Amino acid sequence: MALLAVVGASRALLDVASRTLLQRSVPARLIGRVFGLLEGLTMAGLALGALLVPLLVYLGGNRAALLGVAAVLPLAAAIGGRALFGLDAGAPVPVVEIALLRSLPLFAELPAPAIEGLAAALTPVHLPAGAVLIREGDPGDAYYAIAAGELDVVQDGRFLRRCGRGEGVGEIALLRAIPRTATVTARTAATVYELNRDPFLTAVLGHAPTQRQADRIAEARLGAGAEPSRDITGPGAAEPG
């Protein structure tokens, strides 16, 4: 019974560690395929064990079968452990990007592995003063987290607000699949981090608390009387689309 408890705890540790490491080291666009491969290898291992045990019992009895199966994982760890630790040590940790995403209420509730994978998908964009980041009416293809500088938001020629570090722009167009609802221009030289549509939607729609937060953002703005094509958002949480 004690050994069964150890096996169960070890299996849970292996599952959590493998999925965490994969989310740290695999691009977001490939994570589904890699998880599918992991599950396939797990099933193949169970099938191999089901074939191996009867053979070992036939060749050497119950004790040989027990010792033979018990030796599989230590041998695998001895052969591949060094490469695995090297992969873990070499996995980049985007500390600045993670801190920036954590400062945004939209992503604040994402679990650590998910937000680390999301941070790895960010691309820095440097804007000179006066540069247009988002143009009203254009298709929504990315979300932007502001790391430095100030951006002005204008809708139909009317100034709406000024955004700075710790705020984001562009999510409403992605969440509602509508054109950009405002023009965003760099008031000063600024640095933003671009997050493409697919990883953004995967992160938001794949995590229930984050999806609820996104729904609250959209519902609050739509409930305030804005038309869907003219939706704007509040500072730090739901910014203009």
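Going by the structure above, here's the rest.
Keep in mind it's a predicted model, so treat the numbers as computed, not measured. (Residues numbered from 1 in each chain as written. Predicted model: local features only at pLDDT ≥ 70, side-chain atom pairs only at ≥ 80, totals over all residues. Heavy atoms only, no water.)

> I keep staring at the nonpolar core and nothing clicks. Help me out?
The nonpolar side chains of a soluble globular protein tend to be buried with one another. Ranked by internal contacts, the top residues of the largest apolar core, which has 23 residues, are Leu101, Phe107, Leu118, Tyr143, Leu195 and Phe200. Looking at this core, the elements with two or more residues in it are α3 (95-102), α4 (112-120), β3 (142-148), α5 (171-176), β8 (190-196) and α6 (197-205). The greatest single-element share of this core, amounting to four residues, is contributed by α6. Excluding anything up to four places from it in sequence, Phe107 contacts Leu101, Arg102, Ile115, Leu118, Tyr143, Leu195, Phe200 and Val204. Grouped together as the second largest cluster of nonpolar side chains are 17 residues, Ile134, Leu151, Leu160 and Ala186 included. (Core = buried A, V, L, I, M, F, W, Y, C linked by side-chain atoms within 4.5 Å. Buried < 20%, exposed > 50% of the residue type's maximum accessible area, 1.4 Å probe, protein only. Helix = DSSP H or I, 4+ residues; strand = E, 2+ residues; numbered from the N terminus. Contact = heavy atoms within 4.5 Å.)

> Got a minute to help me understand the layout of surface pockets in this structure?
Rolling a probe over the atoms, with the probe sized like a water molecule, indicates the empty space that remains. A volume near 2,000 Å³ is recorded for the largest pocket. Residue lining of the largest pocket: 40 residues in total, with Arg11, Leu14, Val72, Leu73 and Ala76 positioned closest to the centre. Elements represented by at least two residues in the lining of the largest pocket include exactly α1 (2-25) and α2 (31-90). With 27 residues, the top contributor of residues to the lining of the largest pocket is α2. (1 Å grid on protein atoms, 1.4 Å probe; cavity = no way out; pocket = protein on both sides within 12 Å on 5 of 7 lines; lining within 4 Å. Points joined across faces, edges and corners; volume = space filled by probe spheres on them.)

> I keep staring at the packing of aromatic side chains and nothing clicks. Help me out?
Aromatic ring pairs are described here by two measures, namely the spacing of the ring centres and the angle between the planes. Per the counting criterion, the structure on display carries three aromatic pairs. Pairing Phe107 with Tyr143 gives two aromatic rings, centres 5.6 Å apart and planes at 80°, and the pair type is edge-to-face. Here Tyr143 lies in strand β3 and Phe107 lies in the loop between α3 and α4, a separation of 36 residues in the sequence. Joined through ring pairs, the aromatic side chains of Phe107, Tyr143 and Phe200 make up one cluster. (Phe/Tyr/Trp six-rings, centres within 6.5 Å; stacked < 30°, edge-to-face > 60°.)

> Sorry, what's going on with a nonpolar patch on the surface here?
A grouping of Val53, Val57 and Val69 is seen on the molecular surface, where their side chains present a nonpolar patch of about 180 Å² in accessible area. Looking at the secondary structure, you find Val69 in helix α2. (Patch = residues over 30% accessible without salt bridge, like charges linked within 9 Å, V, L, I, M, F, W, Y side chains within 5 Å. Areas by Shrake-Rupley, 256 points an atom, 1.4 Å probe, with all protein chains shown as cover. Salt bridge = Lys/Arg side-chain N within 4 Å of Asp/Glu carboxyl O.)

> Where do I start with the sheet that holds strand β4 (residues 151-155) in this structure?
Backbone-to-backbone hydrogen bonds join strands into a sheet, with any given pair of strands oriented parallel or antiparallel. Taking strand neighbours across the sheet as the criterion, the four strands line up as β2-β7-β4-β5 in an open arrangement whose pairing is antiparallel. A single partner strand is all that each edge strand has here, and the edge strands are β2 (132-134) and β5 (158-163). Strand after strand, the sheet turns through a mean of 30° between neighbouring axes, direction not considered. Where β2 meets strand β7 (residues 183-186), two bridges bridge the pair, whose relative direction is antiparallel. Bridge pairing in β7 places Ile134 opposite Val184. (Pairing = 2+ DSSP bridges. Axes fitted to C-alpha atoms, helices over the stretch in contact; angles between N-to-C directions.)

> Mind showing me how you'd approach unusual backbone geometry here?
Leaving glycine out, the prevailing phi sign among residues is negative, and the prevailing peptide bond configuration is trans. Of note, the phi angle at Asp156 is positive, near 50°, even though the residue is not glycine. Along the chain, Asp156 turns up in the loop between β4 and β5. If you check the backbone angles, Ala177 has positive phi at about 55° while not being a glycine. If you trace the backbone, Ala177 turns up in the loop between α5 and β7.

> Explanation requested: the sheet that holds β3 in the structure shown.
Spatial strand order, β1-β8-β3-β6: four strands in an open sheet with antiparallel pairing. Only two strands of the sheet have a single neighbouring strand rather than two, namely β1 (123-127) and β6 (168-169). Docked against the sheet, α6 engages β3 and β8, running at close to 75° with respect to β8.

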